[in-house]
Number of protein chains: 4
Amino acid sequence: MTRVKPSEEHEAVTDDRGEGRLRDAAERFRDWGRWGEDDQVGTVNHIDTGDIVAAAGLIQRGAVFSLALPFDDKGPQKGHLRRFNPMLFMLRDGDDAVARDLMGVPRGIGAADDVVLMATQGGTQWDALGHMFYDDRMWNGYDARLVSSLGAEKNDVAQYRDRIVGRAVLLDLPRFLGLDWCEPGRATDGAELDACAAAQGVEIRRGDILLIRFGQMAQCRAAGGWGDYAGGDAPGLAFDTLAWIQEREIAGLATDTWGAEVRPNEIAYVNQPWHRVALPSMGLLVGEIFDLDALAADCAEDGRYEVFFVACPLPITGAVGSPVNPIAIK
Amino acid sequence: MTRVKPSEEHEAVTDDRGEGRLRDAAERFRDWGRWGEDDQVGTVNHIDTGDIVAAAGLIQRGAVFSLALPFDDKGPQKGHLRRFNPMLFMLRDGDDAVARDLMGVPRGIGAADDVVLMATQGGTQWDALGHMFYDDRMWNGYDARLVSSLGAEKNDVAQYRDRIVGRAVLLDLPRFLGLDWCEPGRATDGAELDACAAAQGVEIRRGDILLIRFGQMAQCRAAGGWGDYAGGDAPGLAFDTLAWIQEREIAGLATDTWGAEVRPNEIAYVNQPWHRVALPSMGLLVGEIFDLDALAADCAEDGRYEVFFVACPLPITGAVGSPVNPIAIK
Amino acid sequence: MTRVKPSEEHEAVTDDRGEGRLRDAAERFRDWGRWGEDDQVGTVNHIDTGDIVAAAGLIQRGAVFSLALPFDDKGPQKGHLRRFNPMLFMLRDGDDAVARDLMGVPRGIGAADDVVLMATQGGTQWDALGHMFYDDRMWNGYDARLVSSLGAEKNDVAQYRDRIVGRAVLLDLPRFLGLDWCEPGRATDGAELDACAAAQGVEIRRGDILLIRFGQMAQCRAAGGWGDYAGGDAPGLAFDTLAWIQEREIAGLATDTWGAEVRPNEIAYVNQPWHRVALPSMGLLVGEIFDLDALAADCAEDGRYEVFFVACPLPITGAVGSPVNPIAIK
Amino acid sequence: MTRVKPSEEHEAVTDDRGEGRLRDAAERFRDWGRWGEDDQVGTVNHIDTGDIVAAAGLIQRGAVFSLALPFDDKGPQKGHLRRFNPMLFMLRDGDDAVARDLMGVPRGIGAADDVVLMATQGGTQWDALGHMFYDDRMWNGYDARLVSSLGAEKNDVAQYRDRIVGRAVLLDLPRFLGLDWCEPGRATDGAELDACAAAQGVEIRRGDILLIRFGQMAQCRAAGGWGDYAGGDAPGLAFDTLAWIQEREIAGLATDTWGAEVRPNEIAYVNQPWHRVALPSMGLLVGEIFDLDALAADCAEDGRYEVFFVACPLPITGAVGSPVNPIAIK
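Conventions and cut-offs
Residues numbered from 1 in each chain as written. Chains lettered and ligands numbered in written order. Predicted model: local features only at pLDDT ≥ 70, side-chain atom pairs only at ≥ 80, totals over all residues. Heavy atoms only, no water. Helix = DSSP H or I, 4+ residues; strand = E, 2+ residues; numbered from the N terminus. Rg over C-alpha atoms; globule rule 2.2 N^0.38 Å. Buried < 20%, exposed > 50% of the residue type's maximum accessible area, 1.4 Å probe, protein only. Contact = heavy atoms within 4.5 Å. Areas by Shrake-Rupley, 256 points an atom, 1.4 Å probe, with all protein chains shown as cover. Lys, Arg positive; Asp, Glu negative; His and termini not counted. Charge placed at Lys NZ, Arg CZ, Asp CG, Glu CD. Pairing = 2+ DSSP bridges. Buried area = accessible area lost by both parts, 1.4 Å probe. Salt bridge = Lys/Arg side-chain N within 4 Å of Asp/Glu carboxyl O. Polar contact = N/O pair within 3.5 Å; in protein donor to acceptor, adjacent residues only side chain to side chain. Nonpolar A, V, L, I, M, F, W, Y, C, P; charged D, E, K, R; others polar. Disulfide = S-S within 2.5 Å. Axes fitted to C-alpha atoms, helices over the stretch in contact; angles between N-to-C directions. pLDDT = per-residue confidence, 0-100. Least-squares fit on C-alpha atoms with pLDDT ≥ 70 in both. Phe/Tyr/Trp six-rings, centres within 6.5 Å; stacked < 30°, edge-to-face > 60°. Lys NZ or Arg CZ within 6 Å of the ring centre and 35° of its normal. Core = buried A, V, L, I, M, F, W, Y, C linked by side-chain atoms within 4.5 Å. Parallel < 35°, antiparallel > 145°, perpendicular 65-115°, else oblique.

Peer 1: Hey, could you go over the overall build of chain A for me, with residue numbers and the actual values?
Peer 2: Helix and strand content of chain A: nine helices and 15 strands. Over its C-alpha trace chain A gives a radius of gyration of 21 Å, about what one expects of a compact globule, namely 20 Å for 330 residues. Counting only C-alpha atoms and orienting by the principal axes, one finds that chain A spans roughly 70 × 70 × 45 Å. Taken over 330 residues, chain A has a buried fraction of 69%. Counting contacts in chain A only where the partners sit at least 6 residues apart, residues at least 24 apart contribute 79% of the total. Surface exposure of chain A reaches about 9800 Å², of which carbon and sulfur atoms provide 46%. In chain A, 33 side chains carry a positive charge and 52 a negative one; their mean positions are 2 Å apart.

Put into structure tokens, the structure is as follows:
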């Protein structure tokens, strides 16, 4: 008996939706084996210990910036891709302590305890390299099937547990462009990134992590609500920044948008085409929903757009992303 | 009609269980208002920006140590206090991508996404100051009722979002004592901490975070299982270290045990008596279940027991604890 | 030192907001002790075994109706009162089975397993009598503090585990009134309920469970979306139905609305005033978000508005509500 | 570059582990199409409306039995197959109500609300037909890939929403055999089931649901703990009961054990071989972890082993199992 097939079985696509362009990039930028057959962290290998020591010299004022959005129910998620804002459940609390004994502890003493449920991509987060597949493969050629319902056996976010430390450079595009924010749909290419850096008087070097501010979070703040920040149109990186990124040998990048790349996407064939190359082919560290506004204001004031940066994720075994509190220090 | 009272209503306790000693300490070490009426972070105020700049000088090799235990189902929790090990649920994965289209993405491409459920005190974690109450109050005099089922309105862990950066000092007690590990039930007092520091050739200063290794995690590793690590007997700090801690004006401390203080506790009146003073009265930053073994091995090798330390928690609004990946850099 | 009080500390209220009317009703209808000091199920005691046997006689066609809304992310919740729609997480699935071995089971065989997270009040549900408090008490005089962060020690939903079986009567108000649905804000009183029953040719008896259809779910279906079904304006029971309900000695009632009583509420003093009397004082079984549309269509067709009804909740220890699949049989 | 394959890639198996016997049964008992190409509920189709009406006649005393184990942290799960006992989180509670205003409700009034997290196979439960696969197919020939990380598009548990109503027959094996309980490892075949029914004076008919008591839950009660009830050795159905089941045209069965079939399993090739045929080939309704002890005591007393049975699961869209409170009425 012939039975129904999975309902979303894909139809033939014609190349004018960009499949060819995507495939070309996926092959051209494929960097598997560059850091050994067993590598699971990709471009953060560009950071060497000397870079870390050198970056420590950027700590001159003792000013610390958290780049994380609060993890709570006021976050941007609205159910797109089944992601949701963090949920907090209390296991016991101060009202229990005031009202009565609980768990054998005398009234008035007590303690509070809690539980948090988070979509790892729901707020400020790093993607793991197991987050994206292309041609049944993920970064460094690992079989996509190594990411099952049990989690990722390879390329999970725990691989980054001690690897995201070094120099970060803020690129504040709206300030550079004289805008309040980059409008949704506006693509930034490598030339614009270079021009921004030059205008800011900062050099982009091998091993840097780029913090790219498009201003979309500021736009939401001005509007008093998230609108369709999560999964809607957005300013972002042009598809062709892939070459620029690989040439510069940066360690990774993070943006103040939901998805790093420009939306609507430049290639219609698949959602988030830049990601399909950046992660599986190039092994790029990508962060999203970073709150760069306070840091940007500070950089504008002191004119220094480079920081010491520590943003190692929670080593959640098997996870393909992690919430993170990225710390920039000047 | 008279009805049943809450079943755990506390019975009268006699002072020989230590209630008086606890009360004396709670009052003696009470430091409310020291950093202003609105303060919610307590002793991390001992860190000043100069300390951060100075500590940056400790980054000399570019060696990075993650002090977090992996967040997964192999953690130490066994249900005590309703805490549990982290649980990972996949929203989509590589097997979906290989098997079929999903969410409109062509087969072979796809992406993985996931969700994590964590008891905030379940693994490597910081306590927030809203975690503990005494006499219906928490740190800085805030009413315990400000921690309700909705979470903590005051003293939540998000207050630490950019405050746990500076110099940390490792005190490796078993190595100092010539032991494989400190046995459960063994209490360490201030004099022993001083002696350990002296033997290691490291000075404890105002604003430091102490990483105190008792070796219990190493003991579990040797045993091949957690046993009753979570909530059972443990080596730890003596109750009287409270005075030592306050005098030294340290910014906080973390241990490789479940609960920092010695177990069985020295005061029988209440579970974890040291905590009832350290958090509500003193405003002390306390971390637990830190994995200090690799760092300790490195310190033993190079003889340097001080590190640049970045361990800001996830800013989970309202939470009274947070999982954290503490980073030590040398 | 005097410190901040809980931020939501209540201000003095004047009686013109209806506090007096609420208090009068709470006292007038208080039925504590009626079924013994230990009772935790209230009005379902009105059902006796003879009623169950008699109701079995209503099973004449073998027609079975599920009155539950599907438990999924298409439900009505939008975060009001922190409630959310059910979330399903797969622990393993068919794509895993097709793609590879998993958990040692050969490829192609495998199994699927899953996890569900539900707000107990998020979909079709029974309230437990521990769901509501008045003057620090709940049903039968039990101290409200018996419902702590650990759950309800008394009056939890598990008390109903074998108690919700008997005769149910459908009251189809919009059909009776010649409307598509009762408009939000429209209150139904006891006289209207009586008139509806009379018009339908059905008698309301001691021990019945009333299924009261206001048509709001049909209205949402017509509109193609839930709108503010969850917590917004709604048709519903008038406050004064409390007397009518108690006099008739019904076992309970359920509606096709979010909150049973009319919204905006008739008493401004507190949200859902009818509930504050119905549950704590009267011990009434209340169900909400029941999908009565298919049953109503069938009753209109055969002219029989009485059914055999089995709707025991999941016995979730300590829970103050439970999702339920109520079954009506004719 | 050749990369690592999924780590659990299956090795060639020899037939002496029973693969051939499994395959023979899978083919022999395959009943796809019997109830139409679109059927998703299998053997419950054996129940017709006349059976329901007839079964109503069994309601003679108005005695109601809940066959569900309490859903709480005292359940049998210990992490096997990543299943866990139900977890309850309070969104607000009585201690909040007593201690303070919350959500704008005056102190002393308030309400409680909660959230439950359940592995659908964690307690008393029905399997959906999407729970098991064989040769990349599930019941009625549906592609296993229709059960993805998004849930089951076909054969989910919601298909049973109004289908599990009718006559149930209890087979109390230990009482029949004169044992306290059947020992783990003891297999019951069809002849024994027939003999038990005969001894009990009850006829097994087309459309019945069999409630088969092996006594393992009683054994755990006697031992004062679950031991390895969840996934360990167990009494249960012999593999060859498959023929007996199909011949008798029963609608389904449920047991008081974790997994219905005998453990250690009779076929070593795959875990739970009986399930691989019963669900994908035969479309059999299977329930597990049913608490049959109280019902069994009652049946022993009155000598009547047949009941009216209502056990429709929660219609959780896409789920491959559901917690259930099965109700037996006499």
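Peer 1: Go over the pairing of strand β3 (residues 113–119) of chain A, please, and point to the residues and values.
Peer 2: All names here are of chain A. Counted residue by residue, β3 has seven buried out of seven residues, so it is predominantly covered. Covered by surrounding structure in β3 are Asp113, Val115, Leu117 and Ala119 together with Asp114, Val116 and Met118, the residues of both alternating faces. As paired elements, strand β2 (residues 87–92) and β3 share five bridges and run antiparallel to each other. Across the sheet, the residue bridging to Phe89 is Val115, located in β3.

Peer 1: Tell me about the interface of chain B and chain A, and please be specific about residues and values.
Peer 2: Residue-level contacts link 91 residues of chain B with 93 residues of chain A. In total, chain B and chain A occlude about 7800 Å² of area from one another, counting both sides; carbon and sulfur atoms represent 61% of this. On inspection of chain B and its partner chain A, the count reaches two salt bridges. Across the chain B-chain A interface, the total number found is 40 residue pairs in polar contact (both at pLDDT 80 or more). Tallying contributions element by element places strand β3 (residues 113–119) of chain B first for the side of chain B that touches chain A, with seven residues. For the side of chain B that touches chain A, a count of residues per class yields 51 nonpolar, 20 polar and 20 charged. Examined bridge by bridge, β3 of chain A and β3 of chain B share five bridges and lie antiparallel to one another. Looking at β3 of chain B, one finds that Ala119 of chain A is bridged to Val115 of chain B.

Peer 1: Run through helix α9 (residues 293–302) of chain C, naming residues and quoting values.
Peer 2: Every buried residue of α9 of chain C is accounted for by Asp293, Leu295, Ala296, Asp298 and Cys299 of chain C. Where α9 of chain C terminates, the next one or two residues include Gly303 of chain C, which has phi positive at roughly 70°.

Peer 1: Residue-level account of the state of the cysteines, with values.
Peer 2: Residue and element names in this part refer to chain C. Enumeration over the complete set of coordinates arrives at zero disulfides over all chains. No disulfide involves Cys299; its sulfur sits 11 Å from the nearest other cysteine sulfur, which is in Cys196. Look at Cys299 and you get buried, because its relative accessible area is 1%.

Peer 1: Can you lay out unusual backbone geometry for me, pointing to particular residues and giving the numbers?
Peer 2: Residues and elements named next belong to chain A. Here the residue pair Arg263 and Pro264 is connected by a cis peptide bond, since its omega of 0° sits within 30 degrees of zero. With respect to the helices and strands, the residue Pro264 is situated in the loop between β11 (252–255) and α8 (273–278). In this structure, Gln272 takes a positive phi of about 55° despite not being glycine. Turning to its location among the elements, Gln272 is positioned in the loop between β11 and α8. In the Ramachandran plot, Ile289 falls in the positive-phi region, its phi being about 60° despite a non-glycine side chain. The topology assignment puts Ile289 in the loop between β12 (285–288) and α9 (293–302). Relative accessible area serves as the criterion here: at 0%, Ile289 is assigned to the buried category.

Peer 1: Lay out the sheet that holds strand β1 (residues 64–66) of chain C in plain terms, naming residues and giving numbers.
Peer 2: All names here are of chain C. The sheet built from nine strands is open, its strands ordered β1-β15-β13-β7-β9-β11-β12-β4-β14 with mixed pairing. The open sheet terminates on both sides in strands that have one partner only, identified here as β1 and β14 (321–323). Neighbour to neighbour, the strand axes of the sheet diverge by 25° on average, direction disregarded. Here strand β4 (residues 125–127) pairs with strand β12 (residues 285–288) via two bridges, running antiparallel. Bridge assignment links Gln125 to a residue of β12, and that residue is Glu288. The strands that helix α5 (residues 190–200) touches are β7 (165–172) and β9 (209–213); relative to β7, the one it contacts most, it runs at about 95°.

Peer 1: An account of the confidence of the model for chain A is requested, with residue identities and associated values reported.
Peer 2: Taken residue by residue, chain A gives an average pLDDT of 95. The fraction at 70 or more is 95%. Interface predicted TM-score (ipTM) for the complex: 0.96; the corresponding pTM is 0.96.

Peer 1: Talk me through the relation of the copies chain B and chain A; I want residue IDs and the actual numbers.
Peer 2: Of the transformation placing chain B onto chain A, the axial shift is 0.0 Å and the rotation is 180°, giving an RMSD of 0.0 Å. The superposition of one copy onto the other is thereby described by a two-fold rotation axis. Considering only C-alpha atoms, the residue of chain B closest to the rotation axis is Leu117 of chain B, which sits at 2.2 Å. Comparing interface residues between copies, 100% of those in chain B also lie at the interface in chain A; the contact surface is shared.

Peer 1: Before we move on, could you go through the packing of aromatic side chains and cite the residues and values that matter?
Peer 2: In this description, a pair of aromatic rings is defined by centroid distance and the angle of the planes. Going through the model one piece at a time under the given rule, you end up with 20 aromatic pairs over all chains. Consider the rings of Trp35 of chain D and Trp139 of chain D, whose centres lie 6.1 Å apart with planes at 50°: the pair is tilted. Separated by 104 residues along the polypeptide, Trp35 of chain D in the loop between α1 (19–28) and α2 (49–56) and Trp139 of chain D in the loop between β4 (125–127) and β5 (147–148) bring together distant segments of the chain. Exposure remark for Trp35 of chain D: the relative accessible area of 23% places this residue in the partly exposed category. Following the ring pairs from residue to residue traces out a cluster consisting of Trp126, Phe290 and Phe309 of chain A. We note Arg30 of chain D situated over the ring of Trp32 of chain D; from NZ or CZ to the ring centre the distance is 4.7 Å.

Peer 1: Account for the nonpolar core, with residues named and values stated.
Peer 2: By size, the foremost hydrophobic cluster in this structure holds 209 residues, and its most contacted members are Phe308 of chain C together with Phe308 of chain D. With 208 residues, the next largest nonpolar core counts Leu58 and Leu170 of chain A together with Leu129 and Val286 of chain B among its residues.

Peer 1: Can you break down the environment of Ile267 of chain D residue by residue, with the values?
Peer 2: All names here are of chain D. Among the structural elements, Ile267 can be located in the loop between β11 (252–255) and α8 (273–278). Considered as a pair, Ile267 and Gly62 are 205 residues apart in the sequence and their alpha carbons are 44 Å apart. Residues contacting Ile267, with those up to four places away along its chain left out, are Arg17, Gly18, Arg21, Leu22, Phe239 and Pro273.

Peer 1: Now, about the packing of helix α5 (residues 190–200) of chain B against helix α7 (residues 241–248) of chain B: what can you tell me, with residues and values included?
Peer 2: Residues and elements named next belong to chain B. Orientation of α5 relative to α7, taken along the N-to-C sense of each, is 50°, at an axis distance of 8 Å. Considering their axes alone, α5 and α7 lie oblique with respect to each other. Of the residues in α7, those touching α5 at Gly190, Leu193 and Asp194 are Thr241, Trp244 and Arg248. Classifying every residue of the contact of α5 with α7 gives two nonpolar, two polar and two charged.

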